[in-house]
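So the chains spell out like this:
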Amino acid sequence: MNLRKRTRGASAEVHTSAMNDIMFFLLLFFLIASTVTNPNVIKLMLPKSSSGQSVSKKTITVSITKDLKYYVDKKEVAVTDLNNTLTGYKSLATELTIVLYVDKTVAIQDVVQVMDIAQKLNIKLVLATEPKG
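Residues numbered from 1 in each chain as written. Predicted model: local features only at pLDDT ≥ 70, side-chain atom pairs only at ≥ 80, totals over all residues. Heavy atoms only, no water.

- Per an unreviewed UniProt entry, the recorded name for the protein is ExbD/TolR family protein, and the organism is Mucilaginibacter ximonensis.
- Turning to the protein, the UniProt record has this under Sequence similarities (unreviewed entry): "Belongs to the ExbD/TolR family." (UniProt positions renumbered as here; feature names shortened; annotations may be inferred.)

As structure tokens, then:
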């Protein structure tokens, strides 16, 4: 019986330096990509909906914050100037759709006011919601 240790054994080594580089670049790519994917800078708590909506290609966003500040494409607009601003956008595109982002704490009258302006200008309007879940 031979009880001596073998000195000539195969050593098992795993070199992970290449894998570390790949994982670093993947992490960096996903961090950069995640900052680009969210176009809305204005943070709102949207109401929830179980149905999805399709949006046409020529859209502008109108946002109403909980402290009743109105934004058209991320530019703050006074309520009195909202009709003139949307008229300017209407003259640039024939088929225009407004995507309305409204905080869920805003009164419905403020939402209806924007809907009336869109109706008078014959602009389609879609109310943005978050999916349930």
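## Some points on the overall build of the protein
Step number 1: Regarding its fold elements, the protein presents three helices and seven strands.
Step number 2: Starting at the N terminus and ending at the C terminus, the protein contains elements arranged as α-β-β-β-β-α-β-α-β-β.
Step number 3: Across the 133 residues that make up the protein, the buried fraction comes to 25%.
Step number 4: Total accessible area on the protein stands at roughly 10,600 Å², and carbon and sulfur atoms take up 57% of it. (Helix = DSSP H or I, 4+ residues; strand = E, 2+ residues; numbered from the N terminus. Buried < 20%, exposed > 50% of the residue type's maximum accessible area, 1.4 Å probe, protein only. Areas by Shrake-Rupley, 256 points an atom, 1.4 Å probe, with all protein chains shown as cover.)

## Re a nonpolar patch on the surface
Step number 1: Nonpolar side chains collect at one region of the surface, where Met19, Ile22, Met23, Leu26, Phe29 and Phe30 lie side by side and expose about 660 Å² of accessible area between them.
Step number 2: Structurally, the position occupied by leucine 26 is in helix H1 (residues 17–36). (Patch = residues over 30% accessible without salt bridge, like charges linked within 9 Å, V, L, I, M, F, W, Y side chains within 5 Å. Salt bridge = Lys/Arg side-chain N within 4 Å of Asp/Glu carboxyl O.)

## Points about the pairing of strand E2 (residues 59–64)
Step number 1: Here E2 lies mainly inside the structure; five of its six residues are buried.
Step number 2: In terms of strand pairing, E2 meets strand E5 (residues 97–102) through six bridges, oriented parallel. Considered in E5, the bridge of isoleucine 64 is made with valine 102.
Step number 3: Sheet topology note: the E2/strand E3 (residues 70–72) ladder contains three bridges and is antiparallel. (Pairing = 2+ DSSP bridges.)

## Some thoughts on the sheet that holds E3
Step number 1: If you trace the five strands from one edge of the open sheet to the other, you get E4-E3-E2-E5-E6, paired in mixed fashion. The outermost strands of the open sheet, each flanked by one partner alone, are strand E4 (75–77) and strand E6 (124–127). When strand polarity is set aside, the average angle formed by the axes of neighbouring strands in this sheet is 30 degrees.
Step number 2: Alignment of E5 against E6, held across four bridges, turns out to be parallel. Paired with leucine 100 across the bridge in E6 is leucine 127.
Step number 3: Of the strands in this sheet, E2, E3, E4 and E5 are in contact with helix H2 (residues 82–92), which crosses E3 at around 10 degrees.
Step number 4: Strands in contact with helix H3 (residues 108–120) are E2, E3, E5 and E6; relative to E5, the strand with the most contacts, it is inclined by about 175 degrees. (Axes fitted to C-alpha atoms, helices over the stretch in contact; angles between N-to-C directions. Contact = heavy atoms within 4.5 Å.)

## Observations concerning the nonpolar core
Step number 1: Counting 20 residues, the largest nonpolar core has Val62, Ile64, Leu82, Leu86, Ile98, Leu100 and Val114 as the members making the most contacts within it.
Step number 2: Counting residues per element, the ones that place at least two in this core are E2, E3, H2, E5 and H3.
Step number 3: Sequence-distant contacts of isoleucine 98, that is, excluding residues within four places in its chain, are made with Ile60, Val62, Leu86, Ala118, Ile123, Lys124, Leu125 and Val126. (Core = buried A, V, L, I, M, F, W, Y, C linked by side-chain atoms within 4.5 Å.)

## Some remarks on the packing of aromatic side chains
Step number 1: Under the criterion given, the structure shown has two aromatic pairs.
Step number 2: With centroids separated by 5.4 Å and ring planes inclined at 65 degrees, the aromatic side chains of phenylalanine 29 and phenylalanine 30 adopt a geometry described as edge-to-face. For the residue pair phenylalanine 29 and phenylalanine 30, the accessibility class agrees, reading exposed in each case. (Phe/Tyr/Trp six-rings, centres within 6.5 Å; stacked < 30°, edge-to-face > 60°.)

## Concerning unusual backbone geometry
Step number 1: Although it is not a glycine, leucine 68 sits at a positive phi angle of roughly 60 degrees.
Step number 2: The residue leucine 68 is located in the loop between E2 and E3 in this model.

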